Amino acid sequence: MPKETDEELMIRFQNGDNSALEELFARYQKPLYNFFIRMIGRKETAEDLVQETFIKVYRFGKSFRGSEAKFSTWLYSVASNHCRDFLRYSSRRPESPIADIVEPEQQNNFTDMMNATDESPLEEHLIRLQIGSTIKDAIDKLPEKERNALILREYQELEYKEIAKVLSCPIGSVKILIFRARKRLREMLKDADLSV
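Residues numbered from 1 in each chain as written. Predicted model: local features only at pLDDT ≥ 70, side-chain atom pairs only at ≥ 80, totals over all residues. Heavy atoms only, no water.

### Some words on the nonpolar core
In step 1: Among the nonpolar cores identified, the biggest contains 47 residues, and L24, F35, F36, F54, F71, L152 and I163 are the most heavily contacted of them.
In step 2: If you list the elements that add at least two residues to this core, you get α1 (6-14), α2 (18-40), α3 (43-60), α4 (71-92), α6 (120-140), α7 (144-154), α8 (160-167) and α9 (171-189).
In step 3: The leading source of residues in this core is α2, at 11 residues. (Core = buried A, V, L, I, M, F, W, Y, C linked by side-chain atoms within 4.5 Å. Buried < 20%, exposed > 50% of the residue type's maximum accessible area, 1.4 Å probe, protein only. Helix = DSSP H or I, 4+ residues; strand = E, 2+ residues; numbered from the N terminus.)

### With respect to unusual backbone geometry
In step 1: In this structure, E157 is a non-glycine residue whose phi angle is positive, near 60°.
In step 2: Locating E157 in the fold gives a position in the loop between α7 and α8.
In step 3: For S168, which is not glycine, the phi dihedral falls at a positive 55°.
In step 4: In this structure S168 comes out as exposed when scored by relative accessible area, which is 66%.

### Concerning the side chain of Q14
In step 1: Assignment of secondary structure puts Q14 in helix α1.
In step 2: Ignoring sequence-local partners within four residues, the contact set of Q14 consists of G61, K62, F64 and R65. (Contact = heavy atoms within 4.5 Å.)

### Description of the packing of aromatic side chains
In step 1: Scanning the entire structure with this criterion turns up 8 aromatic pairs.
In step 2: Aromatic pair F35 and Y76: ring centres 5.8 Å apart, planes at 75°, arrangement edge-to-face. With F35 in helix α2 and Y76 in helix α4, this residue pair connects regions lying 41 residues apart in the sequence. When sorted by exposure, F35 lands in the same class as Y76, which is buried.
In step 3: Where F71 meets W74, the ring centres are 6.0 Å apart and the plane angle is 40°; that geometry is what we call tilted. Here the residue F71 and the residue W74 both occupy positions in helix α4, the gap between them amounting to 3 residues, near one helical turn.
In step 4: On the accessibility criterion, F71 (0% relative accessible area) is buried.
In step 5: On the basis of relative accessibility, which here comes to 16%, the residue W74 falls in the buried class. (Phe/Tyr/Trp six-rings, centres within 6.5 Å; stacked < 30°, edge-to-face > 60°.)

Written as structure tokens, this is what we have:
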């Protein structure tokens, strides 16, 4: 039996089946976490924002129209708006930043690496961490709209038309935002040693 599409699960949820929303949460928890960690940079906050986004999906799920948009596009619109609200609120009430320099996909077991007889794997891992930190810091310095568009394209792998729906702007504007973001990143990273 083929797996239900996101849109079919949303129809089930709209008809009162909460287990369908649980399935959607299981599918999108990690991608949304990765989106928020790249936008916000703090693990605990990213986890909270994932939960809060799905609370919004629960509360406003009836407004989803599968004939008008893919579920993933609609979900990232909800997440992007929630992120924007969070950033606006947190700029008025700044939190103490937590140094989360390790990208989620780079988290390895340091104990195993420390026990290795050859120092090369540990050294290489530390270099990769530094590269990840340098790139993350550069992305964090991008203007919010450019950062958002770049993350949706490069990390969440959304298409331009989906990003346009998420950001509520024309596809041409999305392409310009991503072009500018990449250009700024190249400029910021031109003097950094990103070789392993």
